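Below, each chain spelled out in residue letters.
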Amino acid sequence: MDRADDYIEFSKATPTPFHAVREITQRLERDGFLPIEPNGAWSFRGGERHYVIAPDQRTVIAFAVGHKAPSEAGFRILGSHTDAPDLRLKLNPVSEGCSVTRLHTQIHGGVLYRTWLDRPLDLGGMIYHLKRDSDGRVQDDPETGLPALERHLVRANKPIAFIPELAIHLDRKVNSEGKINPEEQLVAVLGSGEQDPLLAQLSELLGHDLRTASGFDLHLFPFQDPVRVGVDGSIILGPRHDDLAMCWASCEALRASVQQCPDSDRTRVGYFVDAEEVGSMTSSGAKSSFLRHTLLRITRQHAAYGESGHQAEAAFQASLVVSADMAHAQHPNHPTKHATSHAPQINHGITIKTNANERYASTGETSALFRGLCEKAGVAFQEFVTRQDMGCGSTIGPIVAAGLGARTVDVGIPMWGMHSTFESCGVDDLNDAVLVFTQHYSS
Ligand SMILES: [Zn+2]
């Protein structure tokens, strides 16, 4: 199995941010990373490896503690996002009509509507049940005093729904004008007939009763595995490359780095964060205090902190953040969407993303630093600047840079079809990403 096959396995296991956090932490545990509680007492020595999951279970920060306090040696941070544009169930999702039961959805992020039609869809996420005593009264959690909850990570693992397309005979203008109204037309068919037996079957597949759930965060996602395509198998077509491909590469780089170099002076951090697709303003998103507070706590609890004589905040000035999110490759059928001098190609190397309006955090200095890492790792790099007559996307890089005051570079591997249900990226680029990210941790 080569690295791309490992990525395919990772992709199959990470359809939602909750599943991504579980898969990433399970992989890290194989290399000695241990869980710590966000509200527990922390105390670190150099060489320890831990991860802390945010209370909402959608973001995780993993770190290999360096021998020097971060206030002295800084952090090496690698950030990527666990969410992808998708369809999530509304709070009261079920209706009946035209002899079928339907699931009503709400949109997360910049969904490319048409790519969701006529695909088998799986369902998964988190279901919450209030704990009750034998008389049915809600119990309190003895630690928090809040109502006690049971949380269940679920997945049907079957094509339980789909969203049918309209026949071209009923809309002759569909190819030229075919707009999709997401309220009315991104409603999924759960099955034939009335809802009661269908919801019972779905609950059985999930292992928990949806009908009695106190709350849920449930996502629809394609029930199709990523595949290598092209006669040479050089491209992977699959869901959620943006940004699970960079989550995978970051996780594998952190693992490779601690295997190759178990003891480092610097503290290596993997930041896998939710909600990038919707602006990062959540309790664990990049605009939250979760990263900054976690890093300050690591610094203050470090055994060498008292000796260093530094302020904890000094750790950020000595740090470098690599923000890893996918980039747009020049499209063979739409080549003019890129400026020819800034047109990343698939399987030609990782891309440094720059924008003079600071939609990306890269500067001349951090780009040069990243080029140095690429050179040391022996991998190619490319450069992306958007056409000046087009808008520019953004990512967590500027948010993290501003929140920490740390130098940051925005990079990613090039891909086609960003936000389609099936996106494409290059096998060689996946490999290069792991190599240069490992270099970032190890240099
Ligand atoms: Zn992204």
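Residues numbered from 1 in each chain as written. Predicted model: local features only at pLDDT ≥ 70, side-chain atom pairs only at ≥ 80, totals over all residues.

### Some points on the overall build of the protein chain
Piece 1. Within the protein chain one finds 13 helices and 20 strands.
Piece 2. The C-alpha radius of gyration of the protein chain comes to 23 Å, within 12% of the 22 Å expected for a compact globule of 443 residues.
Piece 3. Along the longest, intermediate and shortest principal axes, the C-alpha atoms of the protein chain span 70 × 65 × 40 Å.
Piece 4. Scored against the burial criterion, the 443 residues of the protein chain give a buried share of 46%.
Piece 5. Contacts in the protein chain between residues at least 24 apart in sequence constitute 78% of all its contacts with a sequence separation of at least 6. (Helix = DSSP H or I, 4+ residues; strand = E, 2+ residues; numbered from the N terminus. Rg over C-alpha atoms; globule rule 2.2 N^0.38 Å. Buried ≥ 20, exposed ≤ 12 C-beta atoms within 10 Å, placed from the backbone. Contact = placed C-beta atoms within 7 Å.)

### Remarks on the sheet that holds strand 13 (residues 267–273)
Piece 1. With mixed pairing, the 9 strands of this open sheet are ordered in space as 1-2-3-13-4-14-18-16-17. Looking at which strands have only one partner, the edges of the open sheet turn out to be strand 1 (34–35) and strand 17 (381–384).
Piece 2. Along the sheet face, helix 7 (residues 241–260) touches strand 2 (49–53), strand 3 (60–64), strand 4 (75–81), strand 13, strand 14 (320–324) and strand 18 (407–412) and points at about 150 degrees away from the line of strand 4.
Piece 3. Relative to the sheet, helix 11 (residues 364–377) contacts strand 14, strand 16 (350–353), strand 17 and strand 18, its axis offset from that of strand 18 by approximately 55 degrees. (Pairing = 2+ DSSP bridges. Axes fitted to C-alpha atoms, helices over the stretch in contact; angles between N-to-C directions.)

### Observations concerning the sheet that holds strand 10 (residues 215–222)
Piece 1. Read from one edge of the open sheet, 6 strands run 8-7-10-5-6-9, paired in antiparallel fashion. A strand with exactly one partner marks an edge of an open sheet, and here the two such strands are strand 8 (149–155) and strand 9 (188–192). Between one strand and the next, the sheet's axes are offset by a mean angle of 30 degrees, whatever the strand orientation.
Piece 2. The pairing of strand 7 (residues 121–130) with strand 8 spans 7 bridges and is antiparallel. By the bridge assignment for strand 8, histidine 129 is matched with glutamate 150.

### Regarding helix 12 (residues 396–404)
Piece 1. Burial within helix 12 is extensive, with 7 of its 9 residues counted as buried.
Piece 2. Every buried residue of helix 12 is listed here: Ile396, Gly397, Pro398, Ile399, Val400, Ala401 and Leu404.
Piece 3. Buried residues along helix 12 sit against strand 4, strand 13, helix 8 (290–301), helix 10 (314–317), strand 14 and strand 18.
Piece 4. Two residues or fewer past helix 12, glycine 405 is found with a positive phi of approximately 70 degrees.

### A look at unusual backbone geometry
Piece 1. A cis geometry characterises the amide bond from aspartate 242 onward to aspartate 243, with omega recorded as 10 degrees.
Piece 2. Mapped onto the elements of the fold, aspartate 243 is located in helix 7.
Piece 3. The backbone phi angle of serine 99 is positive, close to 65 degrees, even though this residue is not glycine.
Piece 4. Summarising the element assignment, serine 99 is placed in the loop between strand 5 (86–97) and strand 6 (100–108).
Piece 5. Residues other than glycine seldom take positive phi values, yet asparagine 347 does so here, at roughly 65 degrees.

### Notes on the pairing of strand 3
Looking along a regular strand, one sees side chains alternate from face to face of the sheet.
Piece 1. In terms of burial, strand 3 is largely enclosed, as 5 of its 5 residues are buried.
Piece 2. Burial along strand 3 is two-sided: Val60, Ala62 and Ala64 facing one way and Ile61 and Phe63 facing the other are all buried.
Piece 3. Hairpin remark: strand 2 followed by strand 3, antiparallel, with 6 residues in the connecting loop; positive phi at glutamine 57, about 70 degrees.
Piece 4. Pairing between strand 3 and strand 13: 5 bridges, direction antiparallel. Each bridged residue has a counterpart across the sheet, and for valine 60 the counterpart in strand 13 is phenylalanine 272.

### Some points on the environment of valine 379
Piece 1. Positionally, valine 379 belongs in the loop between helix 11 and strand 17.
Piece 2. Once the C-alpha coordinates of valine 379 and aspartate 429 are considered, the two residues, 50 residues apart in sequence, prove to be 9.0 Å apart.
Piece 3. In contact with valine 379, other than residues within four places in its own chain, are Gly349, Ile350, Cys374, Asp432, Leu435 and Val436.

### Here's the deal with the domain arrangement of the protein chain
Piece 1. When cut into domains, the protein chain gives domain 1 (3–84 + 239–442) and domain 2 (86–222).
Piece 2. If you average the C-alpha positions of domain 1 and of domain 2, the two centres end up 31 Å apart.
Piece 3. On the side of domain 2, 17 residues touch domain 1, which itself brings 15 residues to the contact.
Piece 4. When the residues that make up the side of domain 1 that touches domain 2 are grouped by side-chain class, the tally is 6 nonpolar, 6 polar and 3 charged. (Domains from an automatic or database assignment. Nonpolar A, V, L, I, M, F, W, Y, C, P; charged D, E, K, R; others polar.)

### Considering the environment of threonine 105
Piece 1. For threonine 105, the position within the fold is in strand 6.
Piece 2. The sequence separation of threonine 105 and alanine 188 amounts to 83 residues, and the corresponding C-alpha distance is 7.7 Å.
Piece 3. Filtering out sequence-adjacent residues up to four positions away, threonine 105 remains in contact with Leu87, Arg88, Leu89, Lys90, Leu186, Val187, Ala188 and Leu220.

### Comments concerning the nonpolar core
Piece 1. Formed by 111 residues in total, the largest nonpolar core has its most connected members in Ala245 and Ala249.
Piece 2. For this core, the element with the most residues is helix 7, which contributes 10 residues. (Core = buried A, V, L, I, M, F, W, Y, C linked by C-beta atoms within 7 Å.)

### Concerning the packing of helix 2 (residues 17–29) against helix 7
Piece 1. Between helix 2 and helix 7, the least distance of the axes is 10 Å, while the angle of their chain directions is 20 degrees. In terms of axis orientation, helix 2 runs roughly parallel to helix 7. Once helix 2 is placed against helix 7, the crossing between them reads as right-handed. In this structure, helix 2 uses Ala20, Ile24, Arg27 and Leu28 to contact helix 7, whose residues at the interface are Leu244, Cys247, Cys251 and Arg255. (Parallel < 35°, antiparallel > 145°, perpendicular 65-115°, else oblique. Left-handed = near helix turned anticlockwise from the far one by under 90°.)

### Structural notes on helix 8
Piece 1. For helix 8, built from 12 residues, the straight-helix expectation of 16 Å at 1.5 Å per residue is met to within 8% by its first-to-last C-alpha distance of 16 Å.
Piece 2. By the burial criterion, the buried members of helix 8 are Phe290, Leu291, Leu295, Ile298 and Thr299. Buried residues of helix 8, seen end-on, are gathered within an arc of 160 degrees and therefore sit on one face of the element. (Expected span 1.5 Å × (residues − 1). Arc of directions from axis to C-beta.)

### Some thoughts on the environment of serine 71
Piece 1. Residue position: serine 71 is located in helix 3 (residues 70–73).
Piece 2. Taking the number of C-beta atoms within 10 Å as the measure of exposure, serine 71 has 23 and is therefore buried.
Piece 3. Residues serine 71 and histidine 302 lie 231 residues apart in sequence; the distance between their C-alpha atoms is 9.5 Å.
Piece 4. When near neighbours in sequence (up to four residues on either side) are disregarded, serine 71 contacts Thr299, Tyr305, Ser308, His310, Gln311, Ala312, Ala314 and Ala315.

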